[in-house]
Amino acid sequence: MLRLIEKEKTENPFYHENIAIHLYSMEELCFFMEENTYLIDPSWVNEELFVWLETELGEKKLAQDLRVTLRMKKDVFSCAEQIFAESGFYADRDMERIRATLNRMQGRTRMERRKMSGDLFLDAGKYRQAAYIYMELLEEEYALHMTEELRGNILHNLGVVYARLFLFPEAAEFFAQAYALQRRQESRDAYLYAMNYIDDSWPMKEQIMNLNFSVMKEALEHLSETADQEEYYVERKEVSRAAAAFDWKSSQAALIGRWREAYRKMM
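Let me begin by describing the structure that accompanies this report. (Residues numbered from 1 in each chain as written. Predicted model: local features only at pLDDT ≥ 70, side-chain atom pairs only at ≥ 80, totals over all residues. Heavy atoms only, no water.)

Observations regarding the overall build of the chain
1) Next: What the chain contains, in helices and strands, is 15 helices and two strands.
2) Next: Counting only contacts in the chain whose residues sit at least 6 apart along the sequence, the fraction spanning at least 24 positions is 54%. (Helix = DSSP H or I, 4+ residues; strand = E, 2+ residues; numbered from the N terminus. Contact = heavy atoms within 4.5 Å.)

This is the structure we're talking about:
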């Protein structure tokens, strides 16, 4: 989290050509890099950026240190870490988080880094932002250059997003697509979990999953602790107990209605 420290803005901004954005201060640069870590690459972490830091922001020592780092390590992520550290806007715990993120980005393709940005939003409970990134990566222009493993992971995580928003039919569909690509038990279990909250009119992927309702009941019991909010966990346990008594559908509509209402109040 950026500290609320204001520094003077420059009249001549740094222009990020790839996404056509102008940055007018160190605060804006750090915020941009933190929110778009997947974009950090040699196309803009280079001499042009260093000259802007030196001439427009007066950061001569930082600019020189960055040149040395890039020349010795040839690593733009190390340069980004230096900028974050020297900005003075981050507490120690924030720098630890940023370093961990930058380390995970090492050696990844841009698509992989973009997917990891979505994962960070998912972990933070920012489901709409995560969904936007995952859906963007599933567009044809990216899909043509994507491995099946990466596509399967994106589909699975998109299913997680929809499940946490209590949109279980959509979640089940994405889990089924992920399983069709990778045959991972995790995606199969997640599909079974989502299907516990869907009525009989929804088509089941029996040809893919080889499943039945008794297996679904077991999956619900196994996965009932996935809730990330205590109040939802308690209500999912209610559904789990109903499933064990073979009568879980009687409570399903009312419980999901309460979840949706609670979620709307949180937004």
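Now that the structure has been shown, the text picks up again.
Concerning the environment of Pro13
1) Next: Within the secondary structure, Pro13 sits in the segment before strand 1 (14–16).
2) Next: Accessibility expressed as a relative area gives 25% for Pro13, which makes it partly exposed.
3) Next: On a C-alpha basis, the gap between Pro13 and Ser25 in space is 7.6 Å, while along the polypeptide they are 12 residues apart. (Buried < 20%, exposed > 50% of the residue type's maximum accessible area, 1.4 Å probe, protein only.)

Considerations on the packing of helix 9 (residues 148–164) against helix 10 (residues 168–182)
The packing of two helices is summarised by the inter-axis angle and the distance between the axes.
1) Next: Between helix 9 and helix 10, the least distance of the axes is 8 Å, while the angle of their chain directions is 160°. With respect to helix 10, the element helix 9 is oriented roughly antiparallel. Pair helix 9 / helix 10 crosses with left-handed handedness. Contacts between helix 9 and helix 10 involve Glu148, Glu149, Arg151, Gly152, Asn153, Leu155, His156, Leu158, Gly159, Val160, Tyr162 and Ala163 from the first element and Phe168, Glu170, Ala171, Phe174, Phe175, Gln177, Ala178, Leu181 and Gln182 from the second. (Axes fitted to C-alpha atoms, helices over the stretch in contact; angles between N-to-C directions. Parallel < 35°, antiparallel > 145°, perpendicular 65-115°, else oblique. Left-handed = near helix turned anticlockwise from the far one by under 90°.)

Digging into the packing of aromatic side chains
1) Next: This model, assessed by the stated rule, comprises seven aromatic pairs.
2) Next: Seen from their ring centres, Phe14 and Trp44 are 6.3 Å apart, and the 40° between their planes marks the pair as tilted. One end of the pair, Phe14, is in strand 1; the other, Trp44, is in the loop between helix 1 (26–35) and helix 2 (47–55), and 30 residues separate them in sequence. Trp44 shares its class with Phe14; the two are buried.
3) Next: On the basis of an interplanar angle of 90° and a centroid distance of 6.5 Å, the ring pair of Phe168 and Tyr193 is categorised as edge-to-face. (Phe/Tyr/Trp six-rings, centres within 6.5 Å; stacked < 30°, edge-to-face > 60°.)

Let's talk about the pattern of salt bridges
Oppositely charged side chains may form a pair once their charged atoms are brought near each other.
1) Next: Taken as a whole, this structure holds 10 salt bridges when the rule is applied.
2) Next: Look at the salt bridges and you will find they share partners, linking Glu34, Asp94 and Arg97 into a network. (Salt bridge = Lys/Arg side-chain N within 4 Å of Asp/Glu carboxyl O.)

Some words on the nonpolar core
1) Next: Counting 36 residues, the largest nonpolar core has Val161 and Phe175 as its most contacted members.
2) Next: Those elements that provide at least two residues to this core are helix 6 (110–123), helix 7 (127–137), helix 9, helix 10 and helix 11 (185–195).
3) Next: No other element matches the eight residues that helix 9 contributes to this core.
4) Next: Among the nonpolar cores identified, the runner-up in size contains 33 residues, and Met26, Leu29, Tyr38 and Phe84 belong to it. (Core = buried A, V, L, I, M, F, W, Y, C linked by side-chain atoms within 4.5 Å.)

Describing the side chain of Ser187
1) Next: Looking at where Ser187 falls in the secondary structure, it is placed in helix 11.
2) Next: Here Ser187 falls in the buried class, since its relative accessible area comes to 0%.
3) Next: Residues in contact with Ser187, not counting those within four places in the same chain, are His156, Phe175, Ala178 and Tyr179.

Notes on unusual backbone geometry
1) Next: Despite not being glycine, Lys74 shows a phi value in the positive range, around 50°.
2) Next: Within the secondary structure, Lys74 is located in the loop between helix 3 (60–73) and helix 4 (76–87).

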